[in-house]
Amino acid sequence: MNDRSRMLRGGARAVTGLLVVAAAASAVVLLGGTALPEVSRAPQPIVVDTTQNTTRSLVCAGSFSVLGADQARPGAAIPTGVAAVTVSGAATGTTNLQRSEGGEGLPGVIAAPVETPLAAAQIQAVTGEQLRGATASACAEPLNEQWLVGGASNLGVSTTLSLGNPGGVPATAEITVYDENGVVDAVQTAGVLVAPGTEQTISLNGYAPDRERFAVRVTSTGAPVTASLGVAHRYGLEAFAVSSVGRQVEAATHLVVPGVANASDHERGPNDSGEGDDYPVLVRALAPGGVATTVRVRAIDAKGGSTELGEIALEPNAVGELSVPVWPQGANAVVLNSDAPVVAGVLGSATSGKEHDYEWFEPAPEAAADTPIAAPIVSGGSLVLVNTGEEPATVQITSASGASKARTATVPAGAAVVSAAPADAVLETSAPIHAGVRYLQGGDIAGYPVLAPDPREGELTVYTR
């Protein structure tokens, strides 16, 4: 091939290359200005049942702890006696929480599938040289935030705070205590480490001495915890009363406290406010968040009768109190309404001869209509059903085990009725109600709310591409 041929071939190749490049460039320009058909596919939703193979745990507080039982360690809370636990529903497993003081009556942990109605409660007769009375409480699920209202640390009164961690990792519980004057600064940032599988009990008297009223906020990180208060009251060397205080999940503008009573075999006589009960019912409330508000308080009975008890003017972050000179005859519940959300507790009493006892009753959550709710009834306890709605509620009361015959209770609008129920009761109501259990025997009183399961989202929607 001569030089001329090589030059012609090379030129042809160059021209071909230029034509290819020009064609490609033209195609790009044309594509840029032309709308091409699109292929799109919407994300496909997949609904996942988040409750499958999941369990929930209920923690029972265990035996009542007494401050000063060990004279060598007056600040130590020593457990005494054993609480009897009643369960409604079928548990899949039970364990115990360990505590530093050991002893009998360890806190119990009861587990069951999340979709299975399950509830438990405990009751204990507290006896000792300087203490007597009855305590009862609902076994509760661990939470990351909760409130407790009741107790004090003034003369003769001691209050303990018990924190349980049934989980597998440590929990750090931050404690904020409020009294009649506001936040107790000394414990605003107090932290308590609760190891996995243990319960820690501390004295609020040591954290905040000489306080007339307590409200406690507990928040936890690392793991949710359960919280409860134990209150012991002496007059000098004589036993006066004991009580347990259960938790509230959150503040609300409408609270219902079932089971409140003021029973006495004494004649009414003069007291600090004139003629009235020997030991008035007390209503305490706190408006979290630094707001001031007014709480309107009334009592209701089995026929739908309502008695206005008074109002509590709450200062920001301070625990307010209302003393009820005369408890209305036949009243079984207290209803609180306010403009701003509040937490509250109501102190009821029992007196027989020389024996006296009291109990801090806490609000009960609303039980939704047409949803089975387990309601454990401790030995000697009675079921209290409260309907603050405008229509009557029909409540079917059955036995979880089927051992007892089913019965029906009708709760008129605006009424609070007392009903018999089996120990392993299950409730299903035609309209929303609030329920609790009251133990009232002679000079002993105790009670607790029926706790509906914590709401859990049963379905989770996942979108795939």
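1. Digging into the overall build of the protein
Right, so step 1: Along its length, the protein carries 2 helices and 38 strands.
Right, so step 2: Scored against the burial criterion, the 465 residues of the protein give a buried share of 48%.
Right, so step 3: Across the protein, contacts joining residues at least 24 apart in sequence account for 76% of those joining residues at least 6 apart.
Right, so step 4: For the protein, the accessible surface area stands at approximately 21700 Å², while carbon and sulfur atoms represent 52% of it.

2. Concerning the nonpolar core
Inside soluble globular proteins, nonpolar side chains tend to come together where they are buried.
Right, so step 1: Of all hydrophobic cores here, the largest spans 30 residues; its most connected members are Leu148, Leu161, Leu163, Val177, Val216 and Val218.
Right, so step 2: Of all elements in the fold, only strand 11 (157-165), strand 12 (171-179), strand 14 (190-194), strand 16 (215-221), strand 17 (226-235), strand 18 (238-245) and strand 28 (355-361) reach the threshold of two or more residues within this core.
Right, so step 3: One finds Ile123, Ala367, Ile373 and Val437 within the second-largest nonpolar core, a separate group that totals 27 residues.

3. Digging into the sheet that holds strand 5 (residues 84-88)
Right, so step 1: Pairing is antiparallel across the open sheet formed by 3 strands, whose spatial order is 5-8-9. If you trace the sheet from one side to the other, it starts and ends with strand 5 and strand 9 (132-138), each paired once. When strand polarity is set aside, the average angle formed by the axes of neighbouring strands in this sheet is 15°.
Right, so step 2: Two elements, strand 8 (residues 119-127) and strand 9, share 7 bridges in a ladder whose sense is antiparallel. Looking across to strand 9, one finds that Gln124 is bridged to Thr135.

4. A closer look at the side chain of Asn205
Right, so step 1: Secondary-structure assignment places Asn205 in helix 2 (residues 204-207).
Right, so step 2: A polar side-chain atom of Asn205 sits 2.8 Å from the main-chain amide nitrogen of Thr159.
Right, so step 3: Once residues lying within four places of it in the same chain are set aside, the contact partners of Asn205 are Leu67, Ala152, Ser153, Val157, Ser158 and Thr159.

What counts and how
- Residues numbered from 1 in each chain as written.
- Predicted model: local features only at pLDDT ≥ 70, side-chain atom pairs only at ≥ 80, totals over all residues.
- Heavy atoms only, no water.
- Helix = DSSP H or I, 4+ residues; strand = E, 2+ residues; numbered from the N terminus.
- Buried < 20%, exposed > 50% of the residue type's maximum accessible area, 1.4 Å probe, protein only.
- Contact = heavy atoms within 4.5 Å.
- Areas by Shrake-Rupley, 256 points an atom, 1.4 Å probe, with all protein chains shown as cover.
- Core = buried A, V, L, I, M, F, W, Y, C linked by side-chain atoms within 4.5 Å.
- Pairing = 2+ DSSP bridges.
- Axes fitted to C-alpha atoms, helices over the stretch in contact; angles between N-to-C directions.
- Polar contact = N/O pair within 3.5 Å; in protein donor to acceptor, adjacent residues only side chain to side chain.

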